[in-house]
Amino acid sequence: MKERLLEEIQKGSKGAVMKKHIITYLIYNENSTITDLAKDMDLSIPTVTKIIDEMHEQGYIDEYGKLETNGGRHPILYGLNTDSGYFVGVDVTWNSINIGIINFKGEVLKLQMGIPFERRDTLECIDELCNHIEHFIAGLTIDEKKILHINVTLCGRVNPELGYSHSFFNFGERPLAEILTERLKIETSIDNDSRTMLYGENIKGVVKGAKNVLFINIGWGLGMGIMIDGKLYKGKSGFSGEIGHTYGYDNQIICHCGKKGCVETEVSCSALYRKFIEHLQAGETSIILSEKNIEEITLDDIFSAINREDLLAIELVEQIGQQLGFHIGSLINTFNPDMVIIGGEMSRAGDFLLQPVISAIRKYTLSLMSRDSEIVLSKLKDQACVIGSCLLSRSKLFEA
């Protein structure tokens, strides 16, 4: 089935294009009648019926029962066959890997979170990454031949169309996606983490019908995913959303990008960590000091302290929330989105972060604009990127 499906897609025949359209429609709508598919595709019912029958015979589509109606014949509902293919998603962070797999319908079958991993710009590190992916796949109970695609998600500047990562794992002329495909022996793509998180929220998370959405990924750095009219916006080279590297502060702090005063030097988890340590070194106190020395404190310790209502940790998160709200206000004035989602590691602070963000947005945004935009926390939380990566793995084969 895998070879037959991929061969059809690669040939790009008219029949393959129509099958991709049907699969994409079912990705977003779960199930459908032939009549509704015919309307969406602007094709005749007999034509769509022929395609559906062929896809059902090939194993891509199943009957999902009949649609309940008030009278007359009950039309058959069709949906994706869960067992006809599987898709792996990988989320590479600065100190760990998260790996997951979904079935053809998009149901999450397994997630493995927090695999220790030190990200280094070496081919040996790529080999280590591939070993982790292969170990995950080997532990599955499914037929490995049915894994149709793998997507690897990275932070920074990623060109998903050409397969290059320009921030990490950039080895010259060969695209990273090509290196991974050759090593894993399964077609592999790459994408940016903020965009991936937004896609996950769109399919499985907090987005319910909104078409214009911004996802603010406030992790160790600061990035943004953009969805316009229901489609992910990538920019010319896939680099859109790098709000963390816009100029924001005359603080003389050198960002990891090499420039001074980037927004993420004050609005990020790295900024929270730096400020927290500086305050402790200046003589302020925290409940953490009864448990650890200053040099032993981690970012996880700070979030644990927030949940235990540590005053210093909460104060610093609220300050960052106010600054973040100011910058989001500018984005709302620019994009006029339906929804803004706050995600990434900083969202672990919950309402301690969200409320100052909302307050600042109301202060710095045109009132008509701020009323248009719903401000929410990520529903998928720390799983947003790996689930989004699995879902993107599927979409890269079937969405136009």
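Everything below is about the structure shown above.
Residues numbered from 1 in each chain as written. Predicted model: local features only at pLDDT ≥ 70, side-chain atom pairs only at ≥ 80, totals over all residues. Heavy atoms only, no water.

Undergrad: Would you explain the pairing of strand β11 (residues 213–218) in this entry?
TA: Regular strands have side chains that alternate between both faces of the sheet. Most of β11 is tucked away: 6 of the 6 residues are buried. Where β11 meets strand β12 (residues 222–228), 6 bridges bridge the pair, whose relative direction is antiparallel. Bridge pairing in β12 links Leu214 to Ile226. The antiparallel pairing of β11 with β12 creates a hairpin that spans 3 residues between the two strands. The sheet contact formed by β11 and strand β14 (residues 339–343) spans 5 bridges and is parallel. Looking across to β14, one finds that Leu214 is bridged to Val340. (Buried < 20%, exposed > 50% of the residue type's maximum accessible area, 1.4 Å probe, protein only. Helix = DSSP H or I, 4+ residues; strand = E, 2+ residues; numbered from the N terminus. Pairing = 2+ DSSP bridges.)

Undergrad: Explanation requested: the environment of Thr285 in the structure shown.
TA: Within the secondary structure layout, Thr285 lies in the loop between α8 (269–281) and α9 (299–307). With relative accessibility at 60%, the residue Thr285 sits in the exposed group. Put simply, Thr285 and Ile341 are 56 residues apart on the chain and 32 Å apart in space, counted from C-alpha to C-alpha. Those residues in contact with Thr285 that sit more than four places away from it in its chain are Leu280 and Leu312. (Contact = heavy atoms within 4.5 Å.)

Undergrad: In this structure, what is going on with the sheet that holds strand β2 (residues 61–66)? I would like to understand it.
TA: By way of backbone hydrogen bonds, the strands of a sheet pair with one another, either parallel or antiparallel. Taken in spatial order, the 3 strands of this open sheet run β1-β3-β2, and their pairing is antiparallel. The open sheet has two edge strands, β1 (31–32) and β2, and neither has a second partner. The pairing of β2 with strand β3 (residues 76–80) spans 4 bridges and is classified as antiparallel. Of the residues in β3, the one forming a bridge with Asp62 is Gly79. Helix α4 (residues 45–58) contacts β2 and β3 of the sheet and is inclined by roughly 110 degrees relative to β2. (Axes fitted to C-alpha atoms, helices over the stretch in contact; angles between N-to-C directions.)

Undergrad: When you look at the pattern of salt bridges in this model, what are you seeing that I'm missing?
TA: Pairing between side chains of opposite charge can happen when their charged atoms approach one another. Tallied over the entire structure, the rule returns 19 salt bridges. The shortest N-O distance in the salt bridge between Arg157 and Glu242 comes to 4.0 Å. Within this pair, whereas Arg157 is found in the loop between β7 (147–154) and β8 (158–159), its partner Glu242 is found in the loop between β13 (231–233) and α8, the two being separated by 85 residues in sequence. Note that Glu161 is salt-bridged to Lys234, the shortest N-O span being 2.9 Å. Of this pair, Glu161 sits in the loop between β8 and β9 (164–165) while Lys234 sits in the loop between β13 and α8, and the two are 73 residues apart along the sequence. Each of Glu266, Arg274, Lys275 and Glu278 takes part in salt bridges that share partners, so that together they form one network. (Salt bridge = Lys/Arg side-chain N within 4 Å of Asp/Glu carboxyl O.)

Undergrad: Help me out: how do you make sense of the sheet that holds strand β10 (residues 188–192) in this one?
TA: Strand order in the open sheet formed by 5 strands is β6-β5-β4-β7-β10, and the pairing between neighbours is mixed. Sheet topology places β6 (108–116) and β10 at the edges, where each strand pairs with a single neighbour. In this sheet, neighbouring strand axes are inclined to one another by 15 degrees on average, regardless of whether the strands run parallel or antiparallel. Both strand β4 (residues 86–92) and strand β5 (residues 96–103) contribute to a ladder of 7 bridges, which runs antiparallel. Paired with Val90 across the two strands is Ile99, which belongs to β5. Sitting on the sheet, helix α5 (residues 123–138) is in contact with β4, β5, β6 and β7, with an inclination near 40 degrees to β5. Relative to the sheet, helix α13 (residues 384–398) contacts β4, β5, β6, β7 and β10, its axis offset from that of β4 by approximately 130 degrees.

Undergrad: Any chance you could explain a nonpolar patch on the surface here in plain terms?
TA: Together, Ile228, Tyr233 and Phe335 line one region of the surface with nonpolar side chains, adding up to about 270 Å² of accessible area. For Phe335, the position within the fold is in helix α10 (residues 311–335). (Patch = residues over 30% accessible without salt bridge, like charges linked within 9 Å, V, L, I, M, F, W, Y side chains within 5 Å. Areas by Shrake-Rupley, 256 points an atom, 1.4 Å probe, with all protein chains shown as cover.)

Undergrad: Before we go on, may I ask you to explain the packing of helix α7 (residues 193–204) against α13 in this structure?
TA: A pair of packed helices is characterised by two quantities: the angle between their axes and the separation of those axes. Two elements in contact, α7 and α13, have axes separated by 7 Å at closest approach and are oriented at 80 degrees. The angle between α7 and α13 places the two elements in the roughly perpendicular class. Contacts between α7 and α13 pair Asp193, Thr196, Met197, Tyr199, Gly200, Glu201, Ile203 and Lys204 from the former with Ala384, Cys385, Ile387, Gly388, Ser389, Leu391, Leu392, Arg394 and Ser395 from the latter. (Parallel < 35°, antiparallel > 145°, perpendicular 65-115°, else oblique.)

Undergrad: For this particular structure, what's the right way to read the side chain of Ser268?
TA: Secondary-structure assignment places Ser268 in the loop between β13 and α8. For Ser268, a relative accessible area of 0% puts it in the buried group. Aside from chain neighbours lying at most four places away, what touches Ser268 is Ile218, Gly219, Trp220, Gly221, Ile320 and Met346.

Undergrad: Just checking my understanding: could you explain the side chain of Asn192 for this structure?
TA: Its place among the elements puts Asn192 in strand β10. On the accessibility criterion, Asn192 (4% relative accessible area) is buried. Side-chain polar atoms of Asn192 contact the backbone oxygen of Gly156, separated by 2.8 Å. If we ignore the near neighbours within four places in the chain, the residues touching Asn192 are Thr153, Leu154, Cys155, Gly156, Val158 and Glu242. (Polar contact = N/O pair within 3.5 Å; in protein donor to acceptor, adjacent residues only side chain to side chain.)

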